[in-house]
Each structure stands twice: as C-alpha cells, then as structure tokens.
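Now for the letters of each chain:
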Amino acid sequence: MAKPTVDRPWTVGVLFSQTGVTAIIEQSQLNGALLAIDEINEAGGIEGRPIEPVILDPRSDPQRYRELAEELLAGEDINVLFGCYMSSSRKEVLPVVERQNAFLFYPTLYEGFEYSPNVIYGGAAPNQNSLPLASYLMENYGGRFYFVGSDYIYPRESNRVMRNIVRQGGGEVVAEEYVDLQAGPKDFQWILEDIERRAPDVIFSTVVGTGTVNFYRAYHESGGDGRVRPIASLTTNEAEVAAMGAAAAAGHITAAPYFRRLDTEANASFLRRYHARFGETDTVTSCCEAAYFQVHLFANALRLTGTTSADPLRRVLRGAEFEAPQGRVKIDPDNNHTYLQSRIARVDEEGEYVVEREATRPIKPDPYLAVPALNDWANVPIRKE
Amino acid sequence: MMDNEDIIQKLRGLNVLVLHPRDGDAEELMQQLNRIGCRTQAVWPPPRVATEKVDIAFVEVREKPSQVIGDFLGLTSERPTLIGLAGYESPSVLQNLIDLQVDGVLPKPVRPYGVLSSIVIARRVWQEGRANQKLIAKLKSKVENSQKLNEAKMVLMRLHGIDEDRAYRAIRQQAMALRKTVTEVAQSIIESNALLHNVVMDSQSDGDDSRSADSG
C-alpha cells in the first residue's frame, strides 16, 4: 500500500496460532512460512530488501484472528498476510482483508464455495482431495462409512460433499456424529461404542486439532485397528501422527497434495533445509508445505511488481507457477485456488505416511463443485503404488 | 427439502443469460458465474428474437422501465427466473423491480460473494411460484369438473327419475363406452339438456310470436 523506502524491509503479517486447539498444525504452517522467508532473505531478499514477518498468535480463537488482522493492516507497512487454518478464522479475516484491499495467503485445505479477489487459496478443494479419497476407500475397504467431525463449518460441508460421493458410488453413511472442537479423550467414548455396534467399513474423520490425537488414541485403546478398519481424513498429518504415536496411527489414511516421505529432489532439499532450520522434520505437513510455497509465490510476484499493493500483485499471481516440494503448482487465474497434486497415503508401522496412489499431474481446483461425481477424478491418470 | 437439494444440485446445468451493459459489474458477474460453473452468456443490447432456453436471466433494473428488456421477456415462451441487477434502492428502481416481477435481486456493485445465494433464493421463489400456479390450475379444473359432474347428474336424475348413484354410474359407463372422460360426457349431457330446453322454450316463444302477429 505505502510506497516502501529502499532501506526498509518488506513487512508481512503472519497469523498462525501457536497456542490453542489448532496449535500443532498452525505451528507447522508457521515453520513452513519462516523457512521460505529465510531462504528468500539469504538469497538477498527482494530488490535487496529482506522480508520481515510480524508474527502474532491468535490462540486458535476466530475472533482474535479478526482483531489481529485489523491490527496488522492498520499500519502503513503491512498489506499482505499469511495465515488461518480453520475456515471460521478465514471467514473472520476475509472482510478485513477485502475492506483494506489487502492480500491473504491461505495455505489450508477447506470446503470450497468461496472466492475472494483478495485471497490466494493454497490448500486442496474437495475435488482435489475428497473425491480421490472416497473412490480409494470404496475400492479398498467397502461402502459403509461412519462420519465423525468437529462441530464447525468445515466438517459439516466436507461431510456433505463426501455423503454425495459415497451415495453416488452406491455406498451408505451409517452415522454422522460431531464432537466439540475442544473434545478430550472421553468425549469419543460413546462414538467408539457406536462404531463398534454399527461396524462400518471405514471411518471418515473431519475431527481437527488436538481432537484428532485424542480420537485416534482413543480408537486404538478401544481395540480399533487402522489396518483393518481405517480412519480416513483430509487433515490428519505427520505432526499429529508424531503427537499420537506410531501405534495409534498405523494403517490410517490421509488424502493430501503432499506427504513428507515423497521421493523427489525438491522435497529432499526442502527437508534438509527444514531440518537445518528447526532441528527436526516431525512437524513437516502438507499445510506446512503449502505455507512454504505460498511465501515463495508471493516473493516471486513481489520481484515483478516491486510493491505489495493488491492489484498489481493479483495480476502477476494469477497463473503463477512454482516448483514446490509436492511438484509443480500453479495459481488458477479463474478462481485464485491452486492446481495441486493429489495423493493418498497410509501410515506404516513406523508412523510414516506411505503414498498408495497419486494423480500423475496437478488437478485443477473446482471450488464450486456442488455435486462431485465419482468419475470427475477419473479423467486424471492415476499411479498406484 | 428435496426441492432445495435439487436447486443446488442442478446449478451447473443452468443456462444463464446476463442482460446488462458491458461494464465492470457485468464482467464481475460473468466471472463468478463461470466459477460456479453455470452455462453463461452475456448479451447487450437484449436480443430481438427468442434465444434458446434460458433458465435464469440477470437483468439490469434502472429508474425507468427498460423497453428492450420488456420486449425480450415478451419473446420467451416460458418465463425464466429473473434476478434484477440494481445499483440504487430509490423508489423508482424498487418499483421497477416489483413491476418486472423479479424473483431476486443482486445489488451493484457486484461482488463474487452473494451471487450464488441470489441464484439459489431466486430459483426457489421461481419454482415455488410455478408450482403454485400449476397447483391452482389443477384445483381450478378439479372444482369445475366436479361442478359439471354434479350438474349432469342432476339432469339425469330429473329426466329419468333415478338416484344420484345410478346417475353417476350411467355417466361413467358412457365415458368408458365412448372412450371419453367423465367430464366430457358430463359436458355433453349439460349441453344436450340446454339444447333441448332451448328448443322447447324457443318453439313456445315462436308460437307466442305468431299468435301475437296473427292478432295484429
């Protein structure tokens, strides 16, 4: 917005929770963003000026995201934000960003049905993750699904999409249950008993945050075995698996554009640098990778515009590509979402995600797909491991 | 409930026509319609001949009624779902929204957010209106048919001195024999009765006339 002076850094706002229910995953996103910022600065910055993040902790409270976004954008320096995990927090930040004609980079999968000219969506839309996951599960485990979710907008919308796909494939949803976002281990007891009673082929979980660790652990302790009846998810990730332990995680399934164990050169060097910066790679997740490549996409755009004003940035971001750890990604000029890889992986005995199936090329995002057909994904060639 | 599901599920198959001068608002609307995945076409000025089937028409609504839009809507055999694009909330604009009988309104400047809601709500209003019209037409003809049947039964009962049940069975048998509907037979009976009645009445009044002429 403001004309930056030559000696000052490019300041960007970073809103990832370091405390509260979604701290594990958002800390992972924060790390991804910080790694990219370090890389850019070590390479000399943009026009000789470094990128400087102003990092605030919204404590997993949607209201707090709005307040902090307002605070960050109130000054002259900041016009670009990286942040948000839960849809409820993005919805809070969105009007603030639009009002100021600022920019939000949102590195998280979500339920779709949104477009803002002021947001770049870096995570998967349902056509990029729900569809492939549903067909994989029905082929390999059967058509009787049990839905468990945290009670907010993403799980409900995500389940609506999943229900449509399952029905189209001739399967059935035997139950759809929700728990509080703050759910502790005991809150899953009655659901686990119900699962035992109804004996579904697969459990589809849209439980997010610390609830995820609690749910998988409680399932394991109640005798549930992921190798026999897996919990499938779009959000459960490496960091949460590390937190719950390999025993509780084994056999469970996640669909995402990126997994830590991808065997590519870009990923190997990404993991090396991540390890050098943070001393571990336990917290590397698909959302971390999305935050990482979104910062790079922003930096590349900034090189072309020389300003953080939204209008010029938008012009160069649309259609922009980047060789990310997951493979090549591209911002779709039609809808500000991202062409992403689509992969399905299963946790092995050591607690590592192993890719079972992947699309052979990035999938175009279709955020307004109301009635996904099972075969919508079928026109993309699939590689089975 | 079922109908509501239907509206969302059928969004992508809809033919959408945008009747609005080519400007930033029309552009913004077209882009969002494409994101949603509707089959979208923008035409300005409005076509002078009927186009292929239009499910939803977004139309510009201003302070004075638009002749060209009115003419275009006159061409369509089935009225599409109408959504007004209005930049003002002044009484004359509001009156035109009422007169055009729009099913929904999308305020200008157009933002991507809100387009989908306006379509879904307008579609519901339009479907409901259409369903109500069909229902009213059906009920109306039911009432008329039942009136006709009653009248025909009365005729037969008077003429042949039979009870209502037999009168009804007689009409139904005729209908089956002639491969007609009960209502059609009832109609014939009523008309025949009226004809007979008129012939008798007319001949009586003819006689009266001749007598009076004679006496004159």
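Residues numbered from 1 in each chain as written. Chains lettered and ligands numbered in written order. Predicted model: local features only at pLDDT ≥ 70, side-chain atom pairs only at ≥ 80, totals over all residues. Heavy atoms only, no water.

Student: For this particular structure, what's the right way to read the overall build of chain B?
Tutor: Along chain B, the regular secondary structure elements total seven helices and five strands. Listed by position from the N terminus, the elements making up chain B come as α-β-α-β-β-α-β-α-β-α-α-α. Since a compact globule built from 216 residues should have a radius of gyration of about 17 Å, the 28 Å found for chain B marks it as more spread out than a globular shape. Seen along its three principal axes, the alpha-carbon backbone of chain B occupies a region of about 85 × 50 × 30 Å. Counting all 216 residues of chain B, 31% fall into the buried class. Across chain B, contacts joining residues at least 24 apart in sequence account for 62% of those joining residues at least 6 apart. Element-wise, carbon and sulfur atoms account for 54% of the exposed surface of chain B, whose accessible area totals about 13,800 Å². Between the averaged position of the 28 positive side-chain charges in chain B and that of its 29 negative side-chain charges there is a distance of 7 Å. (Helix = DSSP H or I, 4+ residues; strand = E, 2+ residues; numbered from the N terminus. Rg over C-alpha atoms; globule rule 2.2 N^0.38 Å. Buried < 20%, exposed > 50% of the residue type's maximum accessible area, 1.4 Å probe, protein only. Contact = heavy atoms within 4.5 Å. Areas by Shrake-Rupley, 256 points an atom, 1.4 Å probe, with all protein chains shown as cover. Lys, Arg positive; Asp, Glu negative; His and termini not counted. Charge placed at Lys NZ, Arg CZ, Asp CG, Glu CD.)

Student: I would appreciate a short explanation of the pattern of salt bridges in the present structure.
Tutor: Opposite charge on two side chains permits pairing when their charged atoms draw close. Residue and element names in this part refer to chain A. Counted according to the given criterion, the structure contains 40 salt bridges over all chains. Between arginine 64 and glutamate 67 there is a salt bridge, with its nearest N and O atoms 2.8 Å apart. Within this pair, arginine 64 and its partner glutamate 67 are both found in helix α2 (residues 62-74), separated by three residues, close to a single helical turn. For arginine 64, a relative accessible area of 23% gives the class partly exposed. When its relative accessible area of 37% is taken as the criterion, glutamate 67 is described as partly exposed. Here arginine 328 ties to glutamate 321 by a salt bridge, and the two come within 2.7 Å at their closest N and O atoms. By relative accessible area, which is 40% here, arginine 328 ends up partly exposed. According to the relative accessible area criterion, glutamate 321 is partly exposed, its value standing at 38%. Taken together, the shared-partner salt bridges in this structure form one network comprising Arg90, Lys91, Glu111 and Glu114. (Salt bridge = Lys/Arg side-chain N within 4 Å of Asp/Glu carboxyl O.)

Student: I keep staring at helix α5 (residues 115-160) of chain B and nothing clicks. Help me out?
Tutor: In an α-helix, one full turn covers 3.6 residues, which means residues spaced three or four apart are oriented alike. The end-to-end C-alpha distance of α5(B) is 67 Å, a good match for the 68 Å that 46 residues give at a rise of 1.5 Å each. Listing the buried residues of α5(B) in full gives Val115(B), Leu116(B), Ser118(B), Ile119(B), Ala122(B), Arg123(B), Trp126(B), Leu149(B), Ala152(B), Lys153(B), Val155(B) and Leu156(B). (Expected span 1.5 Å × (residues − 1).)

Student: I keep staring at the sheet that holds strand β4 (residues 103-106) of chain A and nothing clicks. Help me out?
Tutor: Strand pairs in the sheet, formed through backbone hydrogen bonds, run parallel or antiparallel to each other. Residue and element names in this part refer to chain A. Spatially, five strands are ordered β2-β1-β3-β4-β5 in an open sheet, and the strand pairing comes out parallel. Each of the sheet's edge strands pairs with one partner strand only, and the pair in question is β2 (51-56) and β5 (119-121). On average, adjacent strands in this sheet sit at an angle of 25° to one another, irrespective of strand direction. Here strand β1 (residues 10-15) runs beside strand β3 (residues 80-83); their pairing, made up of three bridges, is parallel. For leucine 15, the partnering residue across the bridge sits in β3 and is glycine 83. Across the sheet, helix α1 (residues 23-42) lies against β1 and β2, angled at about 160° from β2, the strand it touches most. In this fold α2 packs onto β1, β2 and β3, with an angle of close to 175° to the strand it touches most, β1. (Pairing = 2+ DSSP bridges. Axes fitted to C-alpha atoms, helices over the stretch in contact; angles between N-to-C directions.)

Student: What is the right way to read the interface of chain A and chain B from this model?
Tutor: When the parts of a complex come together, some accessible area is lost, and that lost area is often used as the size of the interface. Residue-level contacts link twelve residues of chain A with nine residues of chain B. Both sides together, the interface formed by chain A and chain B hides about 960 Å², and carbon and sulfur atoms give 54% of it. Area buried by chain A at its contact with chain B is led by Tyr115(A), Tyr368(A) and Val371(A), which between them contribute 49% of it. Connecting chain A to chain B are two salt bridges. Asp366(A) is the partner of Arg12(B) in a salt bridge, and the nearest nitrogen-oxygen pair spans 2.7 Å. Connecting chain A to chain B are six residue pairs in polar contact (both at pLDDT 80 or more). Per-class residue counts for the side of chain A that touches chain B are seven nonpolar, two polar and three charged. (Buried area = accessible area lost by both parts, 1.4 Å probe. Polar contact = N/O pair within 3.5 Å; in protein donor to acceptor, adjacent residues only side chain to side chain. Nonpolar A, V, L, I, M, F, W, Y, C, P; charged D, E, K, R; others polar.)

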